[in-house]
Amino acid sequence: MSKIGIAEVERVATLARIGLSPEEAAEMAAQIGQIVGFVEQLQSVDVADVAPTDQVNGLVDVMRVDEVRPGLSRDAALANAPAQKDGYFMVKRVLNG
Amino acid sequence: MAETIDLKRPIAELAAEVQAGKVSAVELVQASLDRIEATKDYHALLEVNPAALERARQVDARVAAGEKLPLAGVPFAAKDNYLTLDMHTTAASKILKPFRAPYQGPAIERLLAAGAVLVAKANLDAFAHGSSTENSDFGATKNPVDAARVPGGSSGGSAAAVALGQVAFALGTDTGGSIRLPASYCGVVGLKPTYGLVPRTGVVAMGSSTDVLGPLTNRAADAAVVLDVMAGRDASDATSIERDAQGYAPEPAKEHDLRGLKIGLIKEYLGDGLTPTVRARLDETVQQLEARGAIVEPISLPAAQLALAAYYILVPAEVSSNLARYDGVRFGYSSAAAKTLEETYRLSRQEGFGAEAKRRIIIGTYVLSSGYYDAYYKRAQKVRTKLIEEFKAAFAQYDLLLGPTAPTPAFPLGAKAHDPLAMYLNDVCTVAVNLVGAPAISLPLGRDGGLPIGLQLIAPQRAERQLFAAAAATEAVIGDWESR
C-alpha cells in the first residue's frame, strides 16, 4: 500500500518531537518503508466482527483507595533534572519579553 | 575457599548452605565478583555494585539474627532497565547515562528482602529494542559459547552472565522474546511469566501491554524458586495479578510421570527457517516425552504467522508513547545546543536516542497518527484477538504447547546489524506468547554446530506450576544438553 517518503518521515518526526538529520530521514524512510511493507500482510486478514484487544489478563477497572500516600520527596524527584531552580524543573523561556 | 564456589549449583542449595552457616553470603558474593573479573571480556555487565560485599555482610547479619531467607546470599544481576538504588540505571541508552533511580520496584524489593544480593547491572539492547544486544550504546555482549557471535537479546547480558557463572541468576524483561531468545542462544533457562504476574513498576517501560519481568537461570527449578519470590500483585501496578495460592517453589524431586499430559506441537514454528539440527533435536525430545507417557500431537495456529506483523505495529506504538517521557527536562540527557523549549525536546531526543529507538518512535507515531490508526493499530489489535482465540482453543485440547525458541542458533556479531527487518525476524517463534499473555519457558535443547539451541514450553495464563513441572520433566529427558 504505502511507500514512506522522506517528507512523511519528517512530518511524523515533528509529531514525535525528534530531530532528524537529512541523512537519518533518508535512511529511515527506506527502512521504515521495508518494515511497513512487512506489516502490510495484516491488510488481507479478515477481521470483520473481531473486537480489538488491549488488555490480556482479564483485569477490568482496577480501582485503588483514593487517599493521600507518601511519594517521592521534591529533592529525590529533582535529583536527575538537567536544570533546576528554586525547587522546580527549569526550562527555556517559552514566552517572549 | 571462595574461588571453588560454583554459582551454577541449584539456587535452593546455595541459599540453604548460607542459611545453615556452611558458607557465608560474603563468600558467595566474592566468588561472583571473582568470576565477573575473570570473564569481563564478554561484556555481559554494565556496572558492578561497589556495595555488593557490604550488602552481603548485611545478609549474613540477618541470617545470624535468625531470619529465614529463601535466597540468602544468592548473587544476582539485574538487566539495566530495572531501576535499582545501588548503581546507575541506563537501559543501555546514553539518554539515561547520568541517571540514578530514586526508587526501585517490587521485583527488586522482594528479591532483596529474600536475601538475594544484587552484584551487577547487565547489558541489553538499548531500551530492550533488539534481539542481539548489539544495540547497546555501551558495546555489544559476546556469546559465552562463541565470542564471535551474539548472545541474543534484548536480555543478552543477563543470559551471558548466567551462562558464564558470574551470578546464580539474572533478571530480564520479555516484550517479544527478550528473555527466551538469549536463553536459547546462550544455553540457559529463560522464564517469561504470565502478563502481570510480576509487577512492572520500577522497570523502564517498552511495550506496556506485553512487557513482563522474569529470571534467567541454569535450570527450571531455579526459575521457580526465583519466581516464587518475585510473583504477586502490587498496588503500584494496576495490571498486576495475584500469585498462585500454592506458590511456585518446586516440589521435592520425584519421578517425572507424564502419563496423560497432552502437548500440542506448533506446526507454524516448524517451517522453512528451521535448521535440520533444531528439528532433529526437537523430534527426539518429543519421542522421549512420548516414551514417558505424554501425548504429543501437531497443532496448527494460523494466526501465529501473523503475530510478528501485529507485534511490530503494537509494540512500536506503545514504545512511542512510553519514550515520550524523555524530554530533556525532568531527567536524562538534555542538549546543550537547545535555545528554546521546543529545541530542548527535539535536540535532546535526536542526540540522546539511538537509531533503533528513533525508528520505533517514528513507526509507532506513524501507525497511531490520524488516518492510519484504523488501518494499522486497530487492525493489529483485532489480529491479536484472533491469536488469543486460537491459543484458547488450543489450550482447550492441550495442557501445554511446544516449539523451538528460535529457528536457528546464535548468528555472528554484525551479521544483521544493518538490517532492522532481518533482526525483527529472530523473534518469529516468541512474540505470539507475549501478545496472548501466556507464560513460557525456554530450555536448552542441545547444540547445532556447537552452539546452544532452545525449546520452549507454553502454558495457559497463570499455569506456571504446571509449566515448571513439565519443564523439569523435559530437562530430565534431555539430560546433558551440552553433549547432545
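Thresholds, definitions, all that
- Position numbers for residues count from 1 along each chain, tracking the sequence in the order it is written.
- Think of it this way: whatever chain is written first is A, whatever ligand is written first is 1, and the rest follow in order.
- Reporting in this predicted model follows two pLDDT cut-offs: at least 70 for local features of residues, and 80 or more for side-chain atom pairs to be given and counted; totals over whole chains, interfaces and linings ignore these cut-offs and use all residues.
- Segments assigned H or I by DSSP are reported as helices when at least four residues long, segments assigned E as strands when at least two residues long, and all are numbered from the N terminus.
- As a rule, residues whose C-beta atom has 12 or fewer other C-beta atoms within 10 Å are exposed, those with 20 or more are buried, and those in between are partly exposed; C-beta atoms are placed from the backbone.
- Our contact criterion uses C-beta atoms placed from the backbone: two residues qualify when those atoms are within 7 Å.
- Here, strands pair whenever DSSP counts at least two bridges between them.
- Simply put, an axis is a line fit to the C-alpha atoms, just over the touching stretch for a helix, and the angle between two N-to-C directions goes from 0 to 180 degrees.
- Nonpolar residues are Ala, Val, Leu, Ile, Met, Phe, Trp, Tyr, Cys and Pro. Charged residues are Asp, Glu, Lys and Arg, and all others, Gly as well, are polar.
- The arc in question is formed by the directions pointing from the helix axis toward the C-beta atoms.
- If an angle is under 35 degrees, it is roughly parallel; if it is over 145, roughly antiparallel; if it lies from 65 to 115, roughly perpendicular; otherwise it is oblique.
- Given a helix with a known number of residues, its expected span is that number minus one, times 1.5 Å.
- When buried Ala, Val, Leu, Ile, Met, Phe, Trp, Tyr and Cys residues are joined through C-beta atoms within 7 Å, the set is termed a nonpolar core.
- Orient the strands so they point away from the viewer; a crossover is then right-handed if the path from the first strand over the helix to the second runs clockwise.
- One confidence number per residue, pLDDT, is output by the predictor and ranges from 0 to 100.

Novice: Can you explain the overall build of chain B? Please cite residues and give values.
Specialist: When you go through chain B residue by residue, the secondary structure sums to 15 helices and 11 strands. Principal-axis analysis of the C-alpha atoms gives chain B an extent of 65 × 55 × 45 Å. Taking all 484 residues of chain B together, 64% fall into the buried category. Taking contacts inside chain B between residues at least 6 apart in sequence as the whole, the part at least 24 apart equals 76%.

Novice: Got a sec to walk through the sheet that holds strand 10 (residues 440-448) of chain B? Specific residues and values, please.
Specialist: Hydrogen bonds along the backbone pair up the strands of a sheet, which may run parallel or antiparallel. All names here are of chain B. Spatially, 11 strands are ordered 1-3-2-4-6-5-10-11-9-7-8 in an open sheet, and the strand pairing comes out mixed. Sheet topology places strand 1 (45-48) and strand 8 (295-299) at the edges, where each strand pairs with a single neighbour. Each neighbouring strand pair of the sheet contributes to a mean axis angle of 30 degrees, computed without reference to strand direction. Across five bridges, strand 7 (residues 262-266) lies against strand 8 in parallel orientation. By the bridge assignment for strand 8, Lys-262 is matched with Ile-295.

Novice: Can you tell me about the interface of chain A and chain B, naming the residues and giving the values?
Specialist: Chain A puts 42 residues into the contact, and the matching count from chain B is 56 residues. Looking at the side of chain A that touches chain B, the elements that each hand over two or more residues are helix 1 (6-15), helix 2 (22-39) and helix 3 (74-78) of chain A. Sort the elements by how many residues they give to the side of chain A that touches chain B and helix 2 of chain A lands first, with seven residues. Considering only residue class, the side of chain A that touches chain B consists of 30 nonpolar, eight polar and four charged.

Novice: Go over helix 1 of chain A with me, naming the residues and quoting the values.
Specialist: Along helix 1 of chain A, the residues classified as buried are Val-9, Val-12 and Ala-13 of chain A. For helix 1 of chain A, the angular spread of buried residues about the axis comes to 105 degrees, placing them on one side. Taken together, the buried residues of helix 1 of chain A touch helix 2 of chain A together with helix 11 (355-368) of chain B. Phi for Arg-17 of chain A, located one or two positions after helix 1 of chain A, is positive at around 55 degrees.

Novice: Which residues make up the packing of helix 1 of chain A against helix 2 of chain A, and what values go with them?
Specialist: Helix packing for two helices is described by the angle between their axes and how far apart those axes are. All names here are of chain A. The interhelical angle for the contact between helix 1 and helix 2, taken along N-to-C directions, is 100 degrees, at an axis separation of 9 Å. Considering their axes alone, helix 1 and helix 2 lie roughly perpendicular with respect to each other. Contact residues: helix 1 offers Ile-6, Val-9 and Glu-10, while helix 2 offers Ala-25, Ala-26, Met-28, Ala-29 and Ile-32.

Novice: Go over helix 2 (residues 25-38) of chain B with me, naming the residues and quoting the values.
Specialist: All names here are of chain B. Taking 1.5 Å per residue as the helical rise, helix 2 with its 14 residues ought to reach 20 Å, and the 20 Å between its terminal C-alpha atoms agrees with that figure. Those residues of helix 2 lying buried are Ala-25, Val-26, Glu-27, Leu-28, Val-29, Ala-31, Ser-32, Leu-33, Arg-35 and Ile-36. The inward-facing, buried residues of helix 2 abut helix 1 (11-19), strand 1, helix 3 (52-64), strand 2 (75-79) and strand 3 (117-122).

Novice: Could you give an account of the nonpolar core, with specific residues and numbers?
Specialist: Residue and element names in this part refer to chain B. Counting residues in hydrophobic clusters, the biggest one holds 183 residues, and the most contacted among them are Val-74, Phe-76, Val-167 and Ala-307. It is helix 9 (residues 307-322) that provides the largest number of residues to this core, a total of 11 residues. When residues no more than four places from it in sequence are discounted, the contact partners of Ala-307 are Leu-387, Val-431, Ala-432 and Leu-435.

Novice: Residue-level account of the pairing of strand 3 of chain B, with values.
Specialist: Residue and element names in this part refer to chain B. In terms of burial, strand 3 is a largely internal element, six of the six residues being buried. Bridging between strand 1 and strand 3 involves three bridges; their strand directions are antiparallel. Across the sheet, Leu-45 pairs through a bridge with Ala-122, a residue of strand 3. Of the pairings in the sheet, the one linking strand 2 to strand 3 comprises five bridges and is parallel in character. Along strand 3, the bridge assignment pairs Ala-77 with Ala-120. A crossover connection joins strand 2 to the parallel strand 3 through helix 4 (residues 106-113); in handedness this β-α-β unit is right-handed.

Novice: Requested: an account of the environment of Thr-84 of chain B, with residues and values cited.
Specialist: Residues and elements named next belong to chain B. Residue placement: Thr-84 occurs in the loop between strand 2 and helix 4. Using a count of 22 C-beta atoms within 10 Å as the deciding quantity, one classes Thr-84 as buried. It is 5.1 Å that separates the C-alpha atoms of Thr-84 and Gln-104, two residues lying 20 residues apart in sequence. For Thr-84, the residues in contact, after removing those within four places along its chain, are Ala-78, Thr-89, Ala-101, Gln-104, Ile-108, Leu-118 and Lys-121.

Novice: Tell me about unusual backbone geometry, residues and numbers included.
Specialist: Omega for the peptide link from Gly-153 of chain B to Ser-154 of chain B comes to 10 degrees, which places this bond in the cis form. With respect to the element layout, Ser-154 of chain B can be found in the loop between strand 3 and helix 5 (156-163). The phi dihedral of Asp-86 of chain A is positive, around 55 degrees, even though this residue is not glycine. Locating Asp-86 of chain A in the fold gives a position in the loop between strand 1 (84-85) and strand 2 (88-89). We note that Phe-127 of chain B has phi near 60 degrees; this positive angle belongs to a residue other than glycine. Counting through the fold element by element, Phe-127 of chain B comes out in the loop between strand 3 and helix 5. Using a count of 28 C-beta atoms within 10 Å as the deciding quantity, one classes Phe-127 of chain B as buried.

Novice: So what about the pairing of strand 5 (residues 189-192) of chain B? Which residues, and what values?
Specialist: All names here are of chain B. In strand 5, alternate side chains face the same way, and those of Val-189 and Leu-191 on one face and Gly-190 and Lys-192 on the other are all buried. Two strands pair when backbone bridges link them, and strand 5 and strand 6 (residues 212-217) are joined in this way by two bridges, in the antiparallel orientation. Paired with Gly-190 across the two strands is Leu-216, which belongs to strand 6. Note that strand 5 and strand 10 share three bridges and pair antiparallel.

Novice: Tell me about the environment of Val-26 of chain B, residues and numbers included.
Specialist: Residues and elements named next belong to chain B. Within the fold, Val-26 resides in helix 2. Classification of Val-26 as buried rests on a count of 20 C-beta atoms within 10 Å. With 305 residues separating them in the primary sequence, Val-26 and Phe-331 have C-alpha atoms 35 Å apart. If near-sequence neighbours (up to four positions away) are discounted, Val-26 is found in contact with Leu-53, Ala-56, Arg-57 and Asp-60.

Novice: Report on the confidence of the model for chain A, specifying residues and quantitative values.
Specialist: Counting all residues, the mean pLDDT for chain A is 92, and 97% of those residues have values of 70 or more. Between the elements of chain A, mean pLDDT differs from a low of 92, seen in helix 2 of chain A, to a high of 97, seen in strand 2 of chain A.

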